[in-house]
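Each chain, letter by letter, is given below.
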Amino acid sequence: MEEIKVFKRKIYDALLEWKDSPIQNSALLIEGARRIGKSTIVEEFAKNEFGDNYLMIDFRKADEGLKELFKKIGDIDVFFQKLFLYQNKVLKSGGLIIFDEIQFCPKARECIKDFVADGRFRYIETGSLISLKENTQGIMIPSEERRIDMYPMDFEEYLWAAESNDSFSLIKGFIDRKEPIPQGIHEHYLEAFRSYMILGGMPKVLSIFLQTSSYKLANDEKLDILKLYRDDLRKHDDKHGTVCGPIFDSIPTQLAQAKRRFVLSSVPGTKRYYQIAKSLSDLEDFRIVQRINAISSLESPIALHAEEDRFKLYFCDTGLLFSMLVKVSNTKMNSTFFDFIVGKKVLNMGALFESIVAQELATNGHKLYYHPYILLDKATGKKKAYELDIVTEIDFRVFVIEVKSSKNYTTSSLDHIKAKYPQIKTSRYVFGIKNASFGADKTTLPVYLLSFL
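Residues numbered from 1 in each chain as written. Predicted model: local features only at pLDDT ≥ 70, side-chain atom pairs only at ≥ 80, totals over all residues. Heavy atoms only, no water.

Asks: Which parts of the structure should I look at to understand the overall build of the chain?
Replies: Helices and strands together make up the secondary structure of the chain, namely 19 helices and 13 strands. Along the first, second and third principal axes, the C-alpha set of the chain runs to 80 × 50 × 50 Å. Looking at the chain as a whole, 53% of its 453 residues qualify as buried. Of the contacts formed within the chain by residues at least 6 apart in sequence, a portion of 71% connects residues at least 24 apart. (Helix = DSSP H or I, 4+ residues; strand = E, 2+ residues; numbered from the N terminus. Buried < 20%, exposed > 50% of the residue type's maximum accessible area, 1.4 Å probe, protein only. Contact = heavy atoms within 4.5 Å.)

Below you can see the structure in the form of structure tokens.
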């Protein structure tokens, strides 16, 4: 098989902004889950922007002699002489040094303060959060780090890779003019989005699929990633007495329930409150899962109404969730995936669509919540329960979103929100498989347009 492809990533613009900043007083730390392409994009950036004037140190592979250099750097000129001898490469002033997998050499991270103050080189660190958080004891975290979160590839990045063009951006013109998308184009991108849901946003998974057109081989790679995550979580649980692994494994079952609210009592084993609290916090910090809390009100700012004990959990990558949900033989795998792509119901579609909506919006920087509420039915005199799938806030403007995986649905939770909050102006959206339509107080958009929110 060919080597893994290097894909265009949105984070590249953030790297450029850091490089070209007139104030160069910080190193850049790229944080994220494992296997999302941190090292690949940073090295591609170094080649493009610094030519041969860069040095990449992979601390996962570095020998102990190299790591010893960072324990006491002393005279910084002598330090760099030794470093360049170890690496058999000398940099000119203004070059870039990459500390890849910095979590395997915490002392190198602690030295960032001195390196930045020296000023002769620029520095980028990458770290996998499940290990990065582990290896901070006994060191002083440098204030000279600027941190950037990195996520799996979103749908637009997927299209850049799969279709090798940027025509998708032209669709925004239809939305700006409040026009439906031409039906043939709509169906094309809907199928592409379903394929993205199957494959997910892990670069190696997509690279394998683009080279082989095999969903099975792509799925095998996702299963390997899941095993890697489980191994990491098991080690973390053994060390800290947490239950990250059991919570992670129970997410698909929880999402299959009608309400999809996470029920802690369903996690196997004996648990105490502090175990659960730390486990959930760690899983979020590792960027392996996303927690969406309920809010008790839509009053702005909505973050003030978050309920810590009511929440839903989604995977960082819906492709991984798909692989956990699909239990078919290898002979039926391609046909099962094809049925899903063309719109046949093969799984719990609601769970998958909610998961991908949460993933896409979080990847594009939105903090998400959901909102259960009670409203009195004037016709019957009885109270009725409703629930908004997704709520977010942009510049103090509240967006309420319903997610629909089929063409036949009602939007009662969305429709009754005005009666519940007559004093609050909300922007109401439905994301699903229908073409775009623009009502007076509700907008329906295809799910593949999430990044345009």
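Here the narrative resumes.
Asks: Looking at this model, I keep getting lost on the environment of I208. Mind explaining?
Replies: Summarising the element assignment, I208 is placed in helix α11 (residues 203–212). We classify I208 as buried; its relative accessible area is 6%. Counting along the chain gives 12 residues from I208 to D220, while the straight-line C-alpha distance between them is 10.0 Å.

Asks: Help me understand the sheet that holds strand β6 (residues 289–295) in this model?
Replies: Strands belonging to one sheet form pairs held by backbone hydrogen bonds; the direction of such a pair is parallel or antiparallel. Read from one edge to the other, the open sheet built from 8 strands follows the order β7-β6-β8-β9-β10-β11-β13-β12, with strand pairing classed as mixed. Because the sheet does not close on itself, it has two edges, and the strands there are β7 (306–315) and β12 (437–438). Examined bridge by bridge, strand β10 (residues 397–403) and strand β11 (residues 426–432) share 6 bridges and lie parallel to one another. What sits directly across from V403, in β11, is F431. Here helix α13 (residues 244–255) sits on the sheet and contacts β6 and β7; the angle it forms with β7, its principal contact strand, is near 90°. (Pairing = 2+ DSSP bridges. Axes fitted to C-alpha atoms, helices over the stretch in contact; angles between N-to-C directions.)

Asks: Got a minute to help me understand the nonpolar core in this structure?
Replies: A general trend in soluble globular proteins is that nonpolar side chains are found buried together. Counting residues in each nonpolar core, the largest one holds 102 residues, and the members touching the most others are I30, L96, F155, F193, I247 and Y448. Contact partners of I30, with chain neighbours within four places excluded, come to I11, L15, K38, V42, I124, E125, T126, G127, I148 and M150. Membership of the second largest hydrophobic core comes to 27 residues, among which are L55, A62, L83 and V116. (Core = buried A, V, L, I, M, F, W, Y, C linked by side-chain atoms within 4.5 Å.)

Asks: Looking at this model, I keep getting lost on the packing of aromatic side chains. Mind explaining?
Replies: Two aromatic rings are characterised by how far apart their centres lie and by the angle between their planes. Following the criterion strictly, the structure yields 33 aromatic pairs and no others. An angle of 15° between the planes, with centres 5.9 Å apart, marks the rings of F262 and F311 as stacked. Of this pair, F262 sits in the loop between α13 and α14 (273–285) while F311 is found in strand β7, placing the two residues 49 residues apart along the sequence. Put simply, the rings of F59, F70, F79, F80, F84, F99, F115, F121 and Y123 touch in pairs and so form one group of aromatic residues. When the ring centre of Y370 is taken as reference, the NZ or CZ atom of K312 above it lies at 4.4 Å. (Phe/Tyr/Trp six-rings, centres within 6.5 Å; stacked < 30°, edge-to-face > 60°. Lys NZ or Arg CZ within 6 Å of the ring centre and 35° of its normal.)

Asks: Please clarify how the pairing of strand β4 (residues 122–128) should be interpreted in this entry.
Replies: Along any regular strand, the residues point their side chains to alternate faces of the sheet. Of all 7 residues that make up β4, 7 are buried, and the element is covered over most of its length. Where burial is concerned, the two faces of β4 agree: the one with R122, I124, T126 and S128 and the one with Y123, E125 and G127 are both buried. Two elements, strand β1 (residues 27–32) and β4, share 5 bridges in a ladder whose sense is parallel. Bridge pairing in β4 links G32 to S128. Judged from the 4 bridges that link them, strand β3 (residues 96–100) and β4 form a sheet pairing that is parallel. Residue pairing in the sheet places I98 in a bridge with I124 of β4.

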